[in-house]
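Close look at the chain arrangement
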Number of protein chains: 4
Amino acid sequence: MESKRRKGILERLNAGEVVVGDGGYVLQLERRGYVKAGHWTPEAAVEHPEAVRQLHREFLRAGANVLQTFTFYCSEDKLEISGNVTSITGAQINEAACDLAREVANEGDALVAGCVSKTPCYVKSRNETEVKAIFKKQMDDFLKKDIDFFIVEFVDHVEEAVWAVEVLKTSGKTVGATLCISPQGDMHGVPPGECAVRLVKAGADIVGINCHLDPLTCVRTVKLMKEGLEKAGLKAHLMIQPLGFHTPECNHTGYLSLPEFPFALETRAMTRWDIHKYAREAYNAGIRYIGGCCGFEPYHIRAIAEELSAERASLPPASEKHGLWGAALEMHTKPWVRARARREYWENLLPASGRPKCPSMATPASE
Amino acid sequence: MESKRRKGILERLNAGEVVVGDGGYVLQLERRGYVKAGHWTPEAAVEHPEAVRQLHREFLRAGANVLQTFTFYCSEDKLEISGNVTSITGAQINEAACDLAREVANEGDALVAGCVSKTPCYVKSRNETEVKAIFKKQMDDFLKKDIDFFIVEFVDHVEEAVWAVEVLKTSGKTVGATLCISPQGDMHGVPPGECAVRLVKAGADIVGINCHLDPLTCVRTVKLMKEGLEKAGLKAHLMIQPLGFHTPECNHTGYLSLPEFPFALETRAMTRWDIHKYAREAYNAGIRYIGGCCGFEPYHIRAIAEELSAERASLPPASEKHGLWGAALEMHTKPWVRARARREYWENLLPASGRPKCPSMATPASE
Amino acid sequence: MESKRRKGILERLNAGEVVVGDGGYVLQLERRGYVKAGHWTPEAAVEHPEAVRQLHREFLRAGANVLQTFTFYCSEDKLEISGNVTSITGAQINEAACDLAREVANEGDALVAGCVSKTPCYVKSRNETEVKAIFKKQMDDFLKKDIDFFIVEFVDHVEEAVWAVEVLKTSGKTVGATLCISPQGDMHGVPPGECAVRLVKAGADIVGINCHLDPLTCVRTVKLMKEGLEKAGLKAHLMIQPLGFHTPECNHTGYLSLPEFPFALETRAMTRWDIHKYAREAYNAGIRYIGGCCGFEPYHIRAIAEELSAERASLPPASEKHGLWGAALEMHTKPWVRARARREYWENLLPASGRPKCPSMATPASE
Amino acid sequence: MESKRRKGILERLNAGEVVVGDGGYVLQLERRGYVKAGHWTPEAAVEHPEAVRQLHREFLRAGANVLQTFTFYCSEDKLEISGNVTSITGAQINEAACDLAREVANEGDALVAGCVSKTPCYVKSRNETEVKAIFKKQMDDFLKKDIDFFIVEFVDHVEEAVWAVEVLKTSGKTVGATLCISPQGDMHGVPPGECAVRLVKAGADIVGINCHLDPLTCVRTVKLMKEGLEKAGLKAHLMIQPLGFHTPECNHTGYLSLPEFPFALETRAMTRWDIHKYAREAYNAGIRYIGGCCGFEPYHIRAIAEELSAERASLPPASEKHGLWGAALEMHTKPWVRARARREYWENLLPASGRPKCPSMATPASE
């Protein structure tokens, strides 16, 4: 079968390869007109498959080695609460999303990760049986389709993530788990090192951080996870898929606490050069699965692939349309733009906001 | 024939309708991995039609009444200088672009505008015969296909735009012409009012401004054009498709003179709420063809359509995935986010950049 | 008599000497506890002569060649309206102020300028006879004392300044006149060039600008005055005493229109290095009487004197306590501070505000 | 004798009175032209007593209950290293400074504190005998004069401060001790709580923090000292004299590490309204000796006194020249300025820097 011939995620990571993840789907599809902010549910996989397919393809072209199924918040309880989708079942979305990711992944050499995220049920009931049943149902949808491994993501209580890992491991597939927590720990105050230990003990093969905070903060948190694992004598691969926005003033609630969330985040967006720095920092921290979450557009993923092109011994397809470090500006008509066709220029630029009446830091909401 | 039944652009404008334009293709497709910055040529119409088709579709869903052919910088001389595209001819791109725009326009009720932009030949030779021959060749490509009208855009010398209008009017089709100039006038110092007069005298049915400067500055320039026309006793429809970035410190060269051009403009990006203000200002200034250029993503076009939904008596398809003024945040889990489900919040927010080490204004390059 | 031996202001300017003015008294004495903001009247000359004397002395040490009498807003009508001073007459203040300036001026080689400023009467009545009577009364107070010349300052209608000049010229003394206007002209819209012409025709020997706007804007306005005089074939010396604050967003009302006026201007204050640039620009514009107004503290005046030390062939006494361009930092204990003992460092520094929640520009009040 | 009748510092603090300290001398006298930056030595006490006397007087008028002798860095070893003062001995300066403080203190009801600060000898030798000999010598100078108590200040190693306290306690006089450290602790890493314990055990009657960091950070550090004392079952009065600048990005080296130190700190200066917040916070933290250090000008000290006027049951003399919360603006000629005569306006104002090309935070030097 087709999937047999693909090198699996663990094979790649065990061989020391850098695996580039994909970017953020919900925010980008919101801007493209297919996801409703506030709900953030992925019914577009059924309603507008062409839009999801195209975004998958852009991430693939940008260098992603993994395409995640567009199944964020696609648990039955979340869809019901949202009330956004009435004529489509969660199973329909999950299955359509698997097909879309598989179709595009096969246009290259990418893997497909079936993704589950936090459930409203956990906060409401904290009932292990109920929560696990929800994860089990979503997993069963995925297992009808050709996916390569699982990712648990966007969970801010390690306990819930552990339950998800325990369910997904029953499939026999590889499981990665990323929490959306800060260096201070999860929402119950469990420190990152301890979170990592619990996840690995539950069976996670890859652990790390996603969303909520900016790249360098997330690198710090993954480092704490790594230290925790080392102290405990445990081994696991590390992954990271941070926010694509600057969030220097955020506390552990992350960007949800910013006044700009979710409709005025533009001015915080990472440039491609910010991503170069991030990719290098993540690599230097020993992380080998490096991607992005909300705010990561295709060109940000390309920037990861370009920064690590020597380590990966390749450039992604989309680099045909990008001069490294601005090289293609050499032929611009304006002399001062031609002068920007070099790494030093972009590495040292401090970009102006063009908004002199706005502050540079906000006061986050406090829970 | 199909195109006969569509209400033409002048019919719409003469009837007092608001026509929503589409957004910017080259910058957005650069970020999606299909256009090379520095070259900015539209070979993706042939190489990756699915990417161009999808972006057209997103603008259509967002409310655009016109889809512009993705033919920016697609004159023979520009393609040759660029050297970016060797195995594809300009004619192939122009024709493919017309087909793509037509295909998607017909998914709704949109018109297709065949677009020409400034030529390197003009600056090099300033030879009317040569420049007109280039526009004629591109026009002939378009005329093989089913387009509704023409747009001359991104021209910074009114003389060149006049020549383009004169050529395109020989087709018998409606012609719109937008200059990328500042309130100070074109690159030869011709003031906006005088520019408008010359364009209308040359045959332009619609005149206005596109690109280079931020929305409110462009509204000011169109107002000057309007005043010029009124003084001269001339009549024409007005259009505007400004930059989607804040450029308070720019001189007449526009955003090309900013240190952030083209790879660090993120922090200057307009929010959807900025676009609401712009759409209202443009409408109040008497402009009825209102769209965007570089930096305008689908959600910015949707914001124009939403701000003017009463005037247009409709909401665009993509508004199904958007609560007006943040209304869909009402069901968010965090109480402070729910409190943002109202117009006052977003209208008054001064978004923080999250970049305290960066300035808020830059020093533009001086020509 | 003592005053006979001093080289007069016109002797100095006619000889091409640079005359350094003093700084701002009212704002500085407000901070020191002797002037009431809102009233801004100079009763401290009587109530706390030691405070006024000490500030005079600091300006003298900093290099000032002229000490202005501390008689701002000391016309009878202003004192009455203010109601701030009940047991002291205007004459008492004017006379005490002359004595204080004289006493300290004689500690060096400085001149004393008797100063009058705009009257509430002008705005209320616009009656030439009444306004001139007020200026005449204040002049008579001054003429009882040993002053060297007169300065009319802080007047925003050239008409009122002309009346003041006409009165003061009856004394036979030299008269300088500075308006607090913007490059757009005075409060009746008279452009700077025309203002200068009217003042010189009224008898002013020195004309220029003071207060309200930042140094480089004031230099621009004085240049316009100079051009106006040249066109009219008139000659006069030029003087400038600008605000010591950054006011990039101000209109013609100047810093009064800023939200920060008068109790939160700290963050706009000029550094000594800003003053170096200003002094050089003013000198290059042909201005030879160069001082400061509100916001200019003694060290700002010293910076003028230090920037122009070659032209003046001397350093002021206070430079004994100041290494040029930071030279005295060479012996600091921290290596990174020692590295700042050079001109390039301070000339190129972009100082951070330490206030990331504040904007960098405000919206001025509109009249 | 005169000093017998004054209520001593401990009497006041034991009675629960708020004691207002004075502000910063060296930075302010640098700006006035009497102190050389880089050296920062207090020879002005001998060379220009009128300047020191006047600044004492302004602090007294502003509400200070204590005047500190202007003897900063006036140990023999520091003066010698500085090389700034050759013809004046340290003893001369110390004695002159005591006389000046006494003279002005007696104009009101203020106390005089003889001040010692850190010695170069400590860092060079860390030899207890040598360092104590230096403190002893300076103390002996003070004891020839009429001082009320001692303050050890601007010491960043608690060990050195302990030695100073031990020496000064031999005089039988009250001793206050303030470290210039951050919440992270002293330069050897001793946490604030432990520092406080050591100082009190050495005999300090009052402990706290001065200089180096902004007011609210210093309040945090004093709170940590208080907690340390409480845990240790010790009792002492608390004092605070922080920096008058915003330093949000500073590490434990404090403002010395900022690129703006010492000649471009203007834009970081506290407004009087910032000081109101600080005074309230300090009071609420249980601190009763509340003053300022570098950057605190007379009007900042007045703001402390005004914020705590109810607690102190009085306003300082300089409040005759200040409307509380801007009240005196009520009679301003501009209506929008009159509208600022209220607390809400000033409390909520976010002052703009007027410097759009500058960042809002800097990168501190790292040791």
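This one's a predicted model, so the numbers in the text were calculated from it and none came from an experiment. (Residues numbered from 1 in each chain as written. Chains lettered and ligands numbered in written order. Predicted model: local features only at pLDDT ≥ 70, side-chain atom pairs only at ≥ 80, totals over all residues. Heavy atoms only, no water.)

1. Details of the overall build of chain A
- Along the backbone of chain A there are 17 helices and eight strands.
- A compact globule built from 367 residues would reach a C-alpha radius of gyration of about 21 Å, and chain A, at 20 Å, matches this within 12%.
- If you line up chain A on its principal axes, its C-alpha atoms span 65 × 50 × 50 Å.
- In chain A, buried positions account for 69% of the 367 residues.
- A total of about 12000 Å² of accessible surface is found on chain A, and carbon and sulfur atoms cover 50% of it.
- With 45 positive and 48 negative side-chain charges, chain A shows a separation of 4 Å between the mean positions of the two kinds. (Helix = DSSP H or I, 4+ residues; strand = E, 2+ residues; numbered from the N terminus. Rg over C-alpha atoms; globule rule 2.2 N^0.38 Å. Buried < 20%, exposed > 50% of the residue type's maximum accessible area, 1.4 Å probe, protein only. Areas by Shrake-Rupley, 256 points an atom, 1.4 Å probe, with all protein chains shown as cover. Lys, Arg positive; Asp, Glu negative; His and termini not counted. Charge placed at Lys NZ, Arg CZ, Asp CG, Glu CD.)

2. Focus on the relation of the copies chain B and chain A
- Least-squares fitting of chain B to chain A yields an RMSD of 0.0 Å, with the superposition described by an axial translation of 0.0 Å and a rotation of 180°. A rotation of that kind, with that shift, is consistent with a two-fold axis. Within chain B, the C-alpha atom positioned nearest to the axis of rotation is that of B:Thr267, 1.9 Å from it. (Least-squares fit on C-alpha atoms with pLDDT ≥ 70 in both.)

3. Concerning the sheet that holds strand S2 (residues 66-68) of chain A
All names here are of chain A.
- If you walk across this open sheet you meet the eight strands as S1-S8-S7-S6-S5-S4-S3-S2, and the pairing is parallel. A single partner strand is all that each edge strand has here, and the edge strands are strand S1 (19-20) and S2.
- Pairing between strand S5 (residues 175-179) and strand S6 (residues 206-210): four bridges, direction parallel. Note that in S6 the partner of Gly176 across the bridge is Ile206. (Pairing = 2+ DSSP bridges.)

4. Focus: the interface of chain B and chain A
- Taken together, the contact pairs 82 residues of chain B with 82 residues of chain A.
- At the boundary of chain B with chain A, total buried surface from both sides reaches about 7100 Å², with 56% on carbon and sulfur atoms.
- Counting the surface chain B buries against chain A, the share from its top three residues, B:Phe263, B:Lys321 and B:Arg355, is 11%.
- Seen at the junction of chain B and chain A, the total is ten salt bridges. (Contact = heavy atoms within 4.5 Å. Buried area = accessible area lost by both parts, 1.4 Å probe. Salt bridge = Lys/Arg side-chain N within 4 Å of Asp/Glu carboxyl O.)

5. Some details on the packing of helix H5 (residues 49-62) of chain C against helix H5 (residues 49-62) of chain D
- For the pair H5(C) and H5(D), the least separation of the axes is 10 Å and the interaxial angle reads 130°. Our classification of the angle between H5(C) and H5(D) gives oblique. Pair H5(C) / H5(D) crosses with left-handed handedness. Contact with H5(C), carried on its side by C:Glu50, C:Ala51, C:Gln54 and C:Arg57, involves D:Glu50, D:Ala51, D:Gln54 and D:Arg57 of H5(D) and no other residues of that element.
- When grouped by side-chain class, the residues that make up the contact of H5(C) with H5(D) number two nonpolar, two polar and four charged. (Axes fitted to C-alpha atoms, helices over the stretch in contact; angles between N-to-C directions. Parallel < 35°, antiparallel > 145°, perpendicular 65-115°, else oblique. Left-handed = near helix turned anticlockwise from the far one by under 90°. Nonpolar A, V, L, I, M, F, W, Y, C, P; charged D, E, K, R; others polar.)

6. Section: the UniProt feature "binding site: Zn(2+)" (unreviewed entry) in chain A
All names here are of chain A.
- According to UniProt, the positions carrying the feature "binding site: Zn(2+)" (unreviewed entry) are Cys211, Cys293 and Cys294. Look at the named residues: they lie 84 residues apart in sequence, but the longest C-alpha span between them is just 6.4 Å, so in the fold they bunch up.
- Not counting residues up to four positions away in its chain, the partners in contact with Cys293 are Gly23, Gly24, Asn210, Cys211, Gln241 and Pro242.
- As for its placement among the helices and strands, Cys294 is situated in the loop between strand S8 (289-290) and helix H14 (298-307).
- Leaving out residues up to four positions away in the same chain, Cys294 has contacts with Gly24, Val26, Leu27, Cys211, Leu243, Gly244, Phe245 and Tyr255. (UniProt positions renumbered as here; feature names shortened; annotations may be inferred.)

7. Quick look at the interface of chain C and chain D
- Counting residues at the interface gives 82 residues for chain C and 83 residues for chain D.
- Counting the surface lost from both chain C and chain D, the interface buries some 7200 Å², and carbon and sulfur atoms represent 56% of this.
- Ranking the residues of chain C by area buried against chain D places C:Phe263, C:Lys321 and C:Trp336 at the top, with a combined share of 11%.
- Across the pair C:Asp274 and D:Arg355 runs a salt bridge whose closest N-O atoms are separated by 2.8 Å.
- On the surface where chain C and chain D come into contact, there are 41 residue pairs in polar contact (both at pLDDT 80 or more).
- A per-element tally of the side of chain C that touches chain D places H5(C) first, with six residues. (Polar contact = N/O pair within 3.5 Å; in protein donor to acceptor, adjacent residues only side chain to side chain.)

8. With respect to the packing of H5(D) against helix H7 (residues 90-105) of chain D
Residues and elements named next belong to chain D.
- Relative to each other, H5 and H7 sit at 40°, their axes nearing to 9 Å. Considering their axes alone, H5 and H7 lie oblique with respect to each other. In this structure, H5 crosses over H7, and the sense of that crossing is right-handed. Contacts from Pro49, Val52, Arg53, His56, Arg57 and Leu60 of H5 reach H7 at Leu100, Ala101, Glu103 and Val104.
- Along the lines of polarity and charge, the residues of the contact of H5 with H7 split into six nonpolar, one polar and three charged.

9. Focus: the packing of aromatic side chains
All names here are of chain B.
- In this structure the tally under the stated criterion is 64 aromatic pairs over all chains.
- Seen in terms of ring centroids, Tyr25 and Phe59 are 5.2 Å apart; in terms of plane orientation they differ by 75°. Their pairing is edge-to-face. Within this pair, whereas Tyr25 is found in the loop between strand S1 (19-20) and helix H3 (26-32), its partner Phe59 is found in helix H5 (residues 49-62), the two being separated by 34 residues in sequence.
- A relative accessible area of 0% places Phe59 in the buried class.
- When the centroid spacing of 6.3 Å and the interplanar angle of 40° are considered together, the rings of Trp40 and Phe261 count as tilted. (Phe/Tyr/Trp six-rings, centres within 6.5 Å; stacked < 30°, edge-to-face > 60°.)

10. Examining the relation of the copies chain C and chain D
- Note on the copies: chain C fits chain D at an RMSD of 0.0 Å, the axial shift is 0.0 Å, and the rotation between them is 180°.
- Looking at the interface residues of chain C, 100% of them are also at the interface in chain D, so both copies use one shared face.

11. With respect to the sheet that holds strand S7 (residues 237-241) of chain D
All names here are of chain D.
- With parallel pairing, eight strands are arranged side by side in an open sheet as S1-S8-S7-S6-S5-S4-S3-S2. A strand with exactly one partner marks an edge of an open sheet, and here the two such strands are strand S1 (19-20) and strand S2 (66-68).
- Its contacts with the sheet put helix H10 (residues 158-169) on strand S3 (111-117), strand S4 (149-155) and strand S5 (175-179), and the angle it makes with S4 is roughly 165°.

12. As for helix H9 (residues 128-143) of chain C
Residues and elements named next belong to chain C.
- Between its first and last C-alpha, H9 extends 22 Å over 16 residues, near the 22 Å set by a 1.5 Å rise per residue.
- Taken together, the buried positions of H9 are Val131, Ile134, Phe135, Gln138, Met139, Asp141 and Phe142. The buried side chains of H9 occupy one side of the element, clustering within an arc of 155° when seen end-on.
- Its side-chain oxygen at 3.0 Å from the backbone nitrogen of Thr129, Asn127 defines the N-terminal cap of H9. (Expected span 1.5 Å × (residues − 1). Arc of directions from axis to C-beta.)

13. Details of the pattern of salt bridges
- Within the structure shown, the criterion is met by 128 salt bridges over all chains.
- With a shortest N-O distance of 3.9 Å, A:Glu266 and A:Arg31 are connected by a salt bridge. With a gap of 235 residues between them, A:Glu266 in the loop between strand S7 (237-241) and helix H13 (272-284) and A:Arg31 in helix H3 (residues 26-32) connect regions that are remote in the sequence.
- Since its relative accessible area comes to 4%, A:Glu266 is described here as buried.
- By relative accessible area, A:Arg31 is classed as buried at 10%.
- The partner of B:Glu30 in a salt bridge is A:Arg302, and the shortest N-O contact between them spans 3.3 Å. Within this pair, whereas B:Glu30 is found in helix H3, its partner A:Arg302 is found in helix H14, the two belonging to separate chains. Each of the two residues, B:Glu30 as well as A:Arg302, counts as buried.

14. Overview of the UniProt feature "domain: Hcy-binding" (unreviewed entry) in chain A
- Cross-referencing UniProt, the feature "domain: Hcy-binding" (unreviewed entry) maps to residues 7-308 of chain A in the present numbering.
- Secondary structure across residues 7-308 of chain A comprises 46% helix and 12% strand; the distance between its end C-alpha atoms is 20 Å.

15. Side note on the confidence of the model for chain A
- Residues with a pLDDT of 70 or more make up 99% of chain A, whose mean pLDDT is 96.
- This prediction of the complex comes with two scores: 0.95 for pTM and 0.97 for ipTM. (pLDDT = per-residue confidence, 0-100.)

16. A look at the pairing of strand S4 (residues 149-155) of chain A
Residue and element names in this part refer to chain A.
- Counting buried residues in S4 gives seven out of seven residues, a clear majority hidden from the surface.
- Bridging between S4 and S5 involves four bridges; their strand directions are parallel. Directly across from Ile151, in S5, lies its bridge partner Gly176.

17. Some thoughts on unusual backbone geometry
- C:Phe261 connects to C:Pro262 through a cis peptide bond whose omega is -5°.
- The residue C:Pro262 is located in the loop between strand S7 (237-241) and helix H13 (272-284) in this model.
- Positive phi, close to 50°, is recorded for D:Arg126, a residue that is not glycine.

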